Amino acid sequence: MKESSEEYITGAFARQRSTELSLGATSARERIRKIRALAYAVKYTYRQQIRDAVYADLHKGEEECDITEIYVVTTEAQHTIAHLERWMRPRKVPTPLPLLGSTSHVRYESKGVSLIISPWNFPINLTLGPLISAIAAGCPVMIKPSEYTPRTTEVIEKIISSLFPATEVVVCPGAVETAQTLLSLPFRHIFFTGSPAVGKIVMRAAAENLSSVTLELGGKSPTIVDKSADIGLSAKRIAYGKYMNAGQICIAPDYLYVHEEVKKEFLAELQSTLSVMYMDAPKSSAAYGRIVSQKHADRLQEMISEARNHGCDIISAGKASNEDRYVAPTIIIDPPLDSQVMQEEIFGPVLPVLSYRNIDEVLATINEKEKPLALYIYARNKSLINKIIQNTRAGTSCVRQNNLQFFHAYLPFGGSNHSGIGKAHGYHGFLAFSNERSVLTQRSFGATDILRPPYTGWKKKLVQWTVKWL
Ligand code: NAD
């Protein structure tokens, strides 16, 4: 992919800088108008172009594209439109007794020129979703989409240039070189979605300019299936969340721990769900995706081969084929904990299934790894559910469900430490691009007026009294 030139990037940045105060002064009504226009373009004007592009880049079927790309953007827009006026309203706060005579409030001011760097797996949703939050906050934005989804980037460029002047939103297509040029600039905020490895590079670059960051990263999301769970329903939900987009989902269940008493039943249900979902022929199913590049497909094949060499049972719904980057839905039974498939984020249609008897051992294994982006629990036993939640750490969780937390506009979405820093979606996305500025206004005589030095006589006593009682 052609890189955006340094001249283009620095020119666009300088022009956006000159508009950041005026854009930050826009009303809720003006921002809502822009968000509405963006949602309309995605839902109507460019919908078919988006579907075609996403299919060309990822073999993502129309229905899946509608649900996971179009719908996610339009609901984010709707939620923001419904609440933005209230989010932007200055928030009055109470006055502590020693500060009597003053009033205070918090203003939500736009941070200013921001950078959005997005990945390839949901190229529309993960680019335009954060953009809605940035527009809501009144920030100019520069966008760098992933180089792995060039057709979708072309459509994003068309949408953006038809709706926004480059002083407000501009797309900078390109790969690592473009990202590095962008990252050398003093953005007010950087919203990055991608791998933890590149997240560290972004944070290092941000530190040079003290740019604030939201890092939406990935990791290995564990899923526990207890014997108290509804096994049939659990298998169906896990299969849908894991094999959608050929498993290239940051919040997909990465590996499963299934109670040994229900493992056989669970595996049978999982296989029969896969047969139904892809009509026994995932390769020719319009609902089954492809791996984004040959490099990524080879990595998955290596993981499967390594597990096979370890002697693991592997259930695969067909043979891989290189010509169209197809990797079949695959289940690996009981891989060793030090194998590649249990060490790296899988990010593909390969599901390790381990069994357990003692939940404490499972929790210890999970806690040895980095904090995951998601942790899922399939169980009906309430005390077990509470025990798992209390004794683990994760960015997000679902009980008897997976992946749906992403679609909930009221829930903050994001990881914790290795799986991410900061939160996205709805109000939390608006906050990511806003500075909460505190404003204290002295209205009349204040207690501090009598606390100025020199500290002699009654003033000395007043200081003692203040520390003791106020
Ligand atoms: P990636 O980190 O390789 O790339 C993401 C973006 O960073 C791309 O635009 C890419 O061009 C850019 N980039 C790559 N190398 C760079 C470098 N050296 N310097 C600066 N920028 C660079 O991620 P990916 O392969 O596109 O996506 C997969 C990863 O993203 C997985 O780890 C997945 O879990 C994560 N992810 C997280 C979320 C979330 O919401 N938390 C969503 C989707 C994907």
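Thresholds, definitions, all that
- Position numbers for residues start from 1 in each chain and track the written sequence from start to end.
- Predicted model: local features are reported for residues with pLDDT of at least 70 only, side-chain atom pairs are reported and counted for 80 or more only, and whole-chain, interface and lining totals are derived from all residues.
- The side-chain quantities take in all heavy atoms of the structure and omit both hydrogens and water.
- For each residue, the test is whether any non-hydrogen atom lies within 4 Å of the molecule or strand; if one does, the residue is near.
- N or O atoms closer than or at 3.5 Å make up a polar contact, with two conditions inside protein: a donor-capable atom paired with an acceptor-capable one, and, for residues adjacent in sequence, both atoms drawn from side chains.
- Only the protein chains shown count as cover for residues, and all accessible areas are computed by the Shrake-Rupley method using a 1.4 Å probe.
- Put simply, a nonpolar core is a bunch of buried Ala, Val, Leu, Ile, Met, Phe, Trp, Tyr and Cys residues held in one set by side-chain atoms that sit within 4.5 Å of each other.
- Working definition: with a 1.4 Å probe on protein chains only, accessible area under 20% of the residue-type maximum means buried, over 50% means exposed, and in between means partly exposed.
- In this description a helix means any DSSP run of H or I spanning at least four residues, a strand means any run of E spanning at least two, and both kinds are numbered starting from the N terminus.
- Geometry is summarised by axes, namely lines fitted to C-alpha atoms with helices restricted to the contacting stretch, and by angles between N-to-C directions that run from 0 to 180 degrees.
- Here roughly perpendicular refers to angles of 65 to 115 degrees, roughly parallel to angles under 35, roughly antiparallel to angles over 145, and oblique to all remaining angles.
- The contact criterion used throughout is that any non-hydrogen atoms of two residues lie within 4.5 Å.
- Three categories are distinguished: nonpolar for Ala, Val, Leu, Ile, Met, Phe, Trp, Tyr, Cys and Pro, charged for Asp, Glu, Lys and Arg, and polar for the others, with Gly belonging to the last.
- Like-charged residues within 9 Å of one another, or nonpolar side chains (Val, Leu, Ile, Met, Phe, Trp, Tyr) within 5 Å, are grouped into patches, provided each residue has over 30% relative accessible area and no salt bridge.
- Here a salt bridge means any side-chain nitrogen of Lys or Arg lying within 4 Å of a carboxyl oxygen belonging to Asp or Glu.

K.L.:
Just give me the short version of the site of the ligand, but keep the residues and values in it.
P.N.:
Not every one of the 28 residues close to the ligand is listed here, only the nearest: Ser 118, Glu 147, Ser 195, Leu 217 and Glu 345. Side-chain polar atom of Trp 120 to an oxygen atom of the ligand: 2.9 Å apart, as the coordinates give it. One of the backbone N or O atoms of Leu 217 is found 2.7 Å from a nitrogen atom in the ligand. Protein chains shield 91% of the accessible area of the ligand, which is 840 Å² for the free molecule.

K.L.:
Summarise the nonpolar core; cite the residues concerned and give the values.
P.N.:
Ranked by internal contacts, the top residues of the largest apolar core, which has 45 residues, are Ile 50, Leu 131 and Ile 160. At eight residues, the largest contribution of residues to this core is made by helix α4 (residues 62–88). Among the nonpolar cores identified, the runner-up in size contains 29 residues, and Tyr 255, Ile 291, Ile 359 and Ile 366 belong to it.

K.L.:
Before we move on, can you summarise the packing of helix α3 (residues 47–58) against helix α6 (residues 150–163) with the specific residues and values?
P.N.:
Put simply, α3 and α6 touch, their axes get as near as 7 Å, and they point 155° apart. Classified by the angle between their axes, α3 and α6 sit roughly antiparallel to one another. Contacts between α3 and α6 involve Gln 49, Ile 50, Asp 52, Ala 53, Val 54, Ala 56 and Asp 57 from the former and Pro 150, Arg 151, Thr 152, Val 155, Lys 158 and Ile 159 from the latter. Counted by class, the contact of α3 with α6 contains seven nonpolar, two polar and four charged residues.

K.L.:
So what about a nonpolar patch on the surface? Which residues, and what values?
P.N.:
Taken together, the side chains of Ile 67, Tyr 71, Tyr 240, Leu 404 and Phe 407 define a hydrophobic patch exposed on the protein surface, amounting to about 480 Å² of accessible area. The residue Leu 404 is located in the loop between β14 (396–399) and β15 (420–421) in this model. Accessibility expressed as a relative area gives 46% for Leu 404, which makes it partly exposed.

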